[in-house]
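# Chains, contacts and geometry: an overview
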Amino acid sequence: MRASLLVRPALAGLLLHLGTGAVRADPVPYRVDGLPRGETLSIRAEPDPAAEVVGEIRTRALVVGCTNDTPSRTTWCRVKVGRTVGWARRRYLAPE
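Residues numbered from 1 in each chain as written. Predicted model: local features only at pLDDT ≥ 70, side-chain atom pairs only at ≥ 80, totals over all residues. Heavy atoms only, no water.

What follows covers the nonpolar core. Considering soluble globular proteins, one finds that nonpolar side chains tend to be buried as a cluster. With 13 residues, the main nonpolar core has L41, I57, V63, C77, V79, A88 and L93 as its most contacted residues. Of all the secondary-structure elements, those providing two or more residues to this core are β1 (28-32), β2 (41-44), β4 (60-67) and β5 (76-81). If we skip the residues at most four places from it in the chain, C77 touches V63, G65, C66, G86, W87, A88, R90 and L93. (Core = buried A, V, L, I, M, F, W, Y, C linked by side-chain atoms within 4.5 Å. Buried < 20%, exposed > 50% of the residue type's maximum accessible area, 1.4 Å probe, protein only. Helix = DSSP H or I, 4+ residues; strand = E, 2+ residues; numbered from the N terminus. Contact = heavy atoms within 4.5 Å.)

Have a look at this one:
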């Protein structure tokens with residue numbers, strides 16, 4: 001019976017962690033999709049449309065994880081392009 005009491009908090013912690021959906025173990029390649037031809041997708045310092053632009057995605061990026069727990073309540077993904085790491089709108093990213 002003691003073993004089951006120890007398993008329940010561990011399971012609850014795991015479910016809580018998985019429920020956030022904000023982190024992924026390995027980066028996954030995504031491509032820019034849904035923007036007019038020739039436009040780039042902004043990489044922002046924070047998952048907020050008013051945040052500072054720290055870079056841009058022209059064609060592809062590595063996505064580390066996505067979340068909709070943001071001030072704008074829209075889904076943003078943590079991205080990496082070259083040395084630039086920041087946030088981009090999920091709406092314009094499609095898995096490769």
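All right, on to the pairing of β1 then. Across 4 bridges, β1 lies against β4 in antiparallel orientation. Bridge assignment links V28 to a residue of β4, and that residue is V63. (Pairing = 2+ DSSP bridges.)

Further remarks concern the side chain of R44. Topologically, R44 is positioned in strand β2. A distance of 3.3 Å separates the side chain of R44 from the backbone oxygen of P49, its partner in a polar contact. Within the structure, the side chain of R44 is placed 2.7 Å from the backbone oxygen of A51, a separation counted as a polar contact. Ignoring anything within four residues of it in the chain, the contact list for R44 reads P49, A51, E52, V53, V54, W76, G86 and W87. (Polar contact = N/O pair within 3.5 Å; in protein donor to acceptor, adjacent residues only side chain to side chain.)

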